[in-house]
Amino acid sequence: MTRMRVTVAALAGSLLGATLLGGAARAQGADCSAIQKTLTERKDIVGKVNSASQGKKAKITAAAACTLFTKLQANGTEGLKWITANKDWCSIPDSFVEGFKADHGRVSTLRTKVCQAAVQQAAMEKKARAMAAQQQQGGGGGLLGGPGLTGSFRVPQGAL
């Protein structure tokens, strides 16, 4: 989770640069301000990830994190496409483009890991529910999850 916070902090830093860039872009023309919507959405998504991952206990499920990172990755793909197409016209610095590409790559890597964890968590939860249902039906009440003892037990007769 610490690694996620560091990456999210790096994303937030690039968003600050993007906001500054957006002000310069607006001065050149209406087309250059079009990226602001994408960057604002990105900032909101990063804010949600940060707020969910803060504190000692994570307040987000793997499935919810997968959804957020999927949105963040889609946003980055859209932003990267726009930045690449308008880099020269809007005088976007190479350092910003490279930073955005690097952040997008980190988001893609994290998204893959988080979504894999979500799939594994869902599979474990499904297995746990199946085992609980089996135990409720009487098929797993014995020691170590076995079928349990059935029948009768005869106490030995005579002196013990």
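Residues numbered from 1 in each chain as written. Predicted model: local features only at pLDDT ≥ 70, side-chain atom pairs only at ≥ 80, totals over all residues. Heavy atoms only, no water.

1. Concerning the overall build of the chain
Right, so step 1: In terms of regular secondary structure, the chain is built from four helices and zero strands.
Right, so step 2: Each helix and strand of the chain, placed in order from N terminus to C terminus, yields the pattern α-α-α-α.
Right, so step 3: Within the chain, the proportion of its 160 residues that are buried is 32%.
Right, so step 4: Relative to all contacts within the chain whose residues are 6 or more apart in sequence, the contacts with residues 24 or more apart total 73%. (Helix = DSSP H or I, 4+ residues; strand = E, 2+ residues; numbered from the N terminus. Buried < 20%, exposed > 50% of the residue type's maximum accessible area, 1.4 Å probe, protein only. Contact = heavy atoms within 4.5 Å.)

2. Quick word on the state of the cysteines
Right, so step 1: Under the definition given, this model contains two disulfides.
Right, so step 2: Each sulfur of the disulfide joining Cys-32 and Cys-90 lies 2.0 Å from the other. Judged by the torsion about the S-S bond (-95°), the Cys-32/Cys-90 disulfide is left-handed. With a gap of 58 residues between them, Cys-32 in the loop between helix H1 (2-28) and helix H2 (35-53) and Cys-90 in the loop between helix H3 (62-86) and helix H4 (94-136) connect regions that are remote in the sequence. Of the two residues examined, Cys-32 and Cys-90, each falls in the buried class.
Right, so step 3: Cys-66 shares a disulfide with Cys-115; S-S distance 1.9 Å. Its S-S torsion of approximately 95° makes the covalent link between Cys-66 and Cys-115 right-handed. (Disulfide = S-S within 2.5 Å.)

3. Brief notes about unusual backbone geometry
Right, so step 1: At Ser-91, a residue that is not glycine, the phi angle is positive and equals roughly 55°.
Right, so step 2: As for its position among the elements, Ser-91 is in the loop between H3 and H4.
Right, so step 3: For Ser-91, a relative accessible area of 47% corresponds to the partly exposed category.

4. Thoughts on the nonpolar core
Right, so step 1: Counting 14 residues, the largest nonpolar core has Cys-66, Phe-69, Leu-72 and Val-114 as its most contacted members.
Right, so step 2: Elements supplying a minimum of two residues to this core: H2, H3 and H4. (Core = buried A, V, L, I, M, F, W, Y, C linked by side-chain atoms within 4.5 Å.)

5. Quick word on H2
Right, so step 1: A rise of 1.5 Å per residue sets the reference length of H2, with its 19 residues, at 27 Å; its end C-alpha atoms lie 27 Å apart and thus fit the reference within 8%.
Right, so step 2: Regarding H2, the residues found buried are Ile-35, Gln-36, Thr-38, Leu-39, Arg-42, Ile-45, Val-46, Val-49, Asn-50, Ala-52 and Ser-53. (Expected span 1.5 Å × (residues − 1).)

6. Structural notes on the confidence of the model for the chain
Right, so step 1: Predicted confidence across the chain gives a mean pLDDT of 77, with 65% of residues reaching 70 or more.
Right, so step 2: Averaged over each element, pLDDT in the chain is lowest for H1 (47) and highest for H3 (93).
Right, so step 3: Considering only residues more than four positions removed or in separate chains, one finds that residues 5-10, a stretch of pLDDT under 50, has 10 contacts.
Right, so step 4: Low pLDDT (under 50) marks residues 18-30, which in the prediction has 14 contacts with non-local residues, meaning those over four places away or in another chain. (pLDDT = per-residue confidence, 0-100.)

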